[in-house]
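A closer look at the structure
So the chains spell out like this:
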Amino acid sequence: QVQLVESGGGLVQPGGSLRLSCVASGSISNIEAMGWYRQAPGKQRELVAHITSIGTTNYENFVAGRFTISRDNAKMTVYLQMNSLKPEDTAVYYCNGHLKLKGRPTVYSYWGQGTQVTVSS
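Here we summarise the structure given alongside this text.

Conventions we followed
Residue numbers here run from 1 along each chain, matching the order of that chain's written sequence. Under the rules for a predicted model, residues below a pLDDT of 70 receive no local features and side-chain atom pairs below 80 are neither given nor counted, while totals for whole chains, interfaces and linings still include all residues. With hydrogens and water excluded, all non-hydrogen atoms of the structure serve as input to the side-chain values. Cysteine sulfur atoms are paired as a disulfide whenever they come within 2.5 Å of each other. Helix and strand assignments follow DSSP, with helices taken as H or I runs no shorter than four residues and strands as E runs no shorter than two, numbered in order from the N terminus. Burial classification: accessible surface area is computed with a 1.4 Å probe over protein chains only, and a residue below 20% of its type maximum counts as buried, one above 50% as exposed, and the rest as partly exposed. Two strands pair if DSSP finds at least two bridges between them. Axis lines are fitted through C-alpha atoms, for helices just across the contact stretch, and the angle between N-to-C directions can take any value from 0 to 180 degrees. Nine residue types can take part in a nonpolar core, namely buried Ala, Val, Leu, Ile, Met, Phe, Trp, Tyr and Cys, and a core is a set of them joined through side-chain atoms within 4.5 Å. We call two residues in contact whenever any of their non-hydrogen atoms come within 4.5 Å of each other.

1. Brief notes about the state of the cysteines
- By the definition in use, this model includes one disulfide.
- Between the sulfur atoms of Cys22 and its disulfide mate Cys95 the distance is 2.1 Å. Because the torsion about its S-S bond is -80°, the bridge between Cys22 and Cys95 counts as left-handed. Remark: Cys95 occurs in strand β9 (residues 91-101) and Cys22 occurs in strand β3 (residues 18-25); sequence separation between them is 73 residues. A single burial state applies to Cys22 and to Cys95, both of which are buried.

Now the structure itself:
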């Protein structure tokens, strides 16, 4: 069974930092692009940052310069380092991975269960 499991969320004061992790597990032959999304109460889920299989990164304007996405292919893990956090960053953060499974030619999209990030004084 293929899973993406996020961790690292929590409560932090404005200006603080958090590091989210997302670990992929299961019968995976290759991890293609991965991304972090977030969903605030009453709002649609939105893309935060994206990283390709070769490490090319892309950020939405509202996090550029504050957040950094990275990946460790050996650990099948993607990270989101979040600095200078603002109250408007409060949301559930989700990991999305495009995964190629062993024995199958197709790339499938998987989501993690989400981790809550709350920025408040």
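2. Here we look at the pairing of strand β1 (residues 3-7)
- Burial of β1 is one-sided: the residues Leu4 and Glu6 facing one way are buried, the residues Gln3, Val5 and Ser7 facing the other way are not.
- Here β1 pairs with β3 via five bridges, running antiparallel. Among the inter-strand pairings, Val5 is bridged to a residue of β3, identified as Val23.

3. As for the sheet that holds strand β8 (residues 77-82)
- Read from one edge of the open sheet, four strands run β1-β3-β8-β7, paired in antiparallel fashion. This sheet does not close on itself; its edge strands, each paired only once, are β1 and β7 (67-72). Going from strand to strand, the sheet's axes swing by 15° on average, the running direction of each strand aside.

4. Quick word on the nonpolar core
- Counting residues in each nonpolar core, the largest one holds 29 residues, and the members touching the most others are Trp36, Leu80, Met82 and Tyr93.
- Listed by contribution, the elements that provide at least two residues to this core are β3, β4 (28-39), β5 (46-51), β7, β8, β9 and β11 (115-119).
- The biggest single contributor to this core is β9, with five residues.

5. Overview of the environment of Lys86
- Take Lys86: it is sitting in the loop between β8 and β9.
- Looking at Lys86, the relative accessible area reads 35%, which means it is partly exposed.
- Taking the C-alpha atoms as reference points, Lys86 and Thr56, separated by 30 residues in sequence, lie 26 Å from one another.
- The residues contacting Lys86, other than those within four sequence positions of it, are Arg66 and Val119.

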